[in-house]
Amino acid sequence: GGTAPSGTKKGKSGLASMAVEEEGLRVFQSVKIKIGEAKNLPPYSGPTRMRDSYCTVNLDQEEVFRTKIIEKSLCPFFGEDFYCEIPRSFRHLSFYIFDRDVFFRRETIIGKVAVMKEDLQKYHGRDTWFQLQHVDADSEVQGKVHMEMRLSEVITDSGALCHKLGIRVIECQGLPIVNGQCDPYATVSLLGPSRSEAKKTKVKRKTNNPQFDEVFFFEVTRPLSYTRRSHFDVEEEDLDKMAIRIDLWNASNLKFGDEFLGEIRVSLKVLGQCGLHDAWYFLQPRDNGSKSVKPDELGSLRLNIVYTEDHVFPSEYYSPLRDLLLNSADVE
């Protein structure tokens, strides 16, 4: 169980591409997009049934482009091209269809298309219809968390031996900025047959790359006395059933409470024999089972995506080739 670590553990890098760049290899990324049209958008509840809609292009949750508004249509034709160079690592290229409600002076999201970076080549350079997916606050997550788990033996006052699990929440990178602000904190819970303990970090103000570096301890197994067992190792059945959950929250002043930013779940099985685990994890959406909207009820969007990625080595790598080309002029 648990979410997969996000790549290498080298330095502070959570992404393999970032680790590669540290070794002198630069990655140049760009994307060229034709936003065609949407069809079969759900009708508006007002008397006209029509919608005024537009489409945005997002790298993860950062908007980088938006189309003009197409008025009074459930099959709007956008017909716009967009090109940009991508200056950073990203996980998803996303497209959101918004509805502009003039009467209520508000804009609402009808649905989205999210394509993972590694899947972009599947659709390279050809027109593709994508089903619009439902959007809710709990599914809109981004960023990653660096955590460490350590299992250690502790002798209690009564001379018994028990295991303590230390969870160190080190830092996060790339959390979303919600309504112009990000004041994050983390909660840590031990999940198991009879566990529901939750511990909380301090709130870090005005940052979406918070440095927490806080450690929380949980007792994993009941104390066993030395007399009953000379050698103590963790009971497999206990560890197999337990996991750590770390939730990220944005401390909000709003009356409906703090905003959920994402979670990770890591099984204690990853501790293995050494009793130590240190890794970056991508934050994941919270599974509420709220799949009430069928995808085909939201309509679809036609896109043509061309994503390119060029790898450039430091100049000294090209010296032999350059010398060969220069010398070739002297060869008869």
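Residues numbered from 1 in each chain as written. Predicted model: local features only at pLDDT ≥ 70, side-chain atom pairs only at ≥ 80, totals over all residues. Heavy atoms only, no water.

**Q** A description of the pairing of strand β10 (residues 184–191) should follow, citing residues and the corresponding values.
**A** Burial analysis of β10 places seven of its eight residues in the buried class, which makes it a mostly covered element. For β10 and strand β14 (residues 243–250), the ladder comprises eight bridges, and the chain directions are antiparallel. Opposite Tyr 185, over in β14, you have Trp 249 as the bridge partner. As judged from the three bridges shared by β10 and strand β11 (residues 198–200), these two strands associate in the antiparallel manner. Following the sheet pairing, Ser 189 is matched in β11 by Ala 198. (Buried < 20%, exposed > 50% of the residue type's maximum accessible area, 1.4 Å probe, protein only. Helix = DSSP H or I, 4+ residues; strand = E, 2+ residues; numbered from the N terminus. Pairing = 2+ DSSP bridges.)

**Q** Quick rundown of a nonpolar patch on the surface? Include the residues and the values.
**A** A grouping of Phe 313, Tyr 317, Tyr 318, Leu 321, Leu 324 and Leu 325 is seen on the molecular surface, where their side chains present a nonpolar patch of about 650 Å² in accessible area. Tracing the chain through its elements places Leu 324 in helix α3 (residues 319–328). Owing to a relative accessible area of 58%, Leu 324 belongs among the exposed residues under this scheme. (Patch = residues over 30% accessible without salt bridge, like charges linked within 9 Å, V, L, I, M, F, W, Y side chains within 5 Å. Areas by Shrake-Rupley, 256 points an atom, 1.4 Å probe, with all protein chains shown as cover. Salt bridge = Lys/Arg side-chain N within 4 Å of Asp/Glu carboxyl O.)

**Q** An account of the packing of aromatic side chains is requested, with residue identities and associated values reported.
**A** Under the criterion given, the structure shown has seven aromatic pairs. Both rings, one in Phe 65 and one in Phe 82, keep their centres 4.7 Å apart while their planes meet at 25°; by these two values the pair is stacked. Placement of the pair is Phe 65 in strand β3 (residues 62–66) and Phe 82 in strand β4 (residues 77–86), with a sequence separation of 17 residues. The exposure classification of Phe 65 matches that of Phe 82, with both residues buried. Geometrically, the ring pair formed by Tyr 96 and Phe 98 is tilted, given 6.4 Å between the ring centres and 40° between the ring planes. Of the two residues, Tyr 96 and Phe 98, both sit in the buried class. Every member of this aromatic cluster is reached through a ring pair, and the members are Tyr 54, Tyr 96 and Phe 98. Lying across the ring of Phe 282, Arg 91 places its NZ or CZ 4.0 Å from the centre. Across the ring face of Phe 218, the terminal group of Lys 199 is positioned such that the distance to the ring centre comes to 5.1 Å. (Phe/Tyr/Trp six-rings, centres within 6.5 Å; stacked < 30°, edge-to-face > 60°. Lys NZ or Arg CZ within 6 Å of the ring centre and 35° of its normal.)

**Q** Describe the environment of Leu 301, naming the residues involved and giving the relevant values.
**A** Structurally, Leu 301 is set in strand β17 (residues 300–312). Classification of Leu 301 as buried rests on a relative accessible area of 0%. Taking the C-alpha atoms as reference, Leu 301 lies 8.2 Å from Ile 35; in sequence the two are 266 residues apart. Look past the residues within four positions of Leu 301 in its chain and what remains in contact with it is Glu 37, Ala 38, Cys 55, Phe 78, Phe 95, Ile 97, Val 113, Thr 128, Trp 129, Phe 130 and Leu 132. (Contact = heavy atoms within 4.5 Å.)

**Q** For the sheet that holds β14, give the residues involved together with the corresponding values.
**A** In any sheet, the strands associate via hydrogen bonds between backbone groups, in a parallel or an antiparallel arrangement. One open sheet accounts for four strands, arranged β11-β10-β14-β15; its pairing is antiparallel. At either margin of the open sheet sits one strand with a lone partner, and together these are β11 and β15 (259–267). Mean inter-strand twist for the sheet, computed between neighbouring axes without regard to direction, equals 20°. (Axes fitted to C-alpha atoms, helices over the stretch in contact; angles between N-to-C directions.)

In short, shape yes, function no, at least from these values alone.
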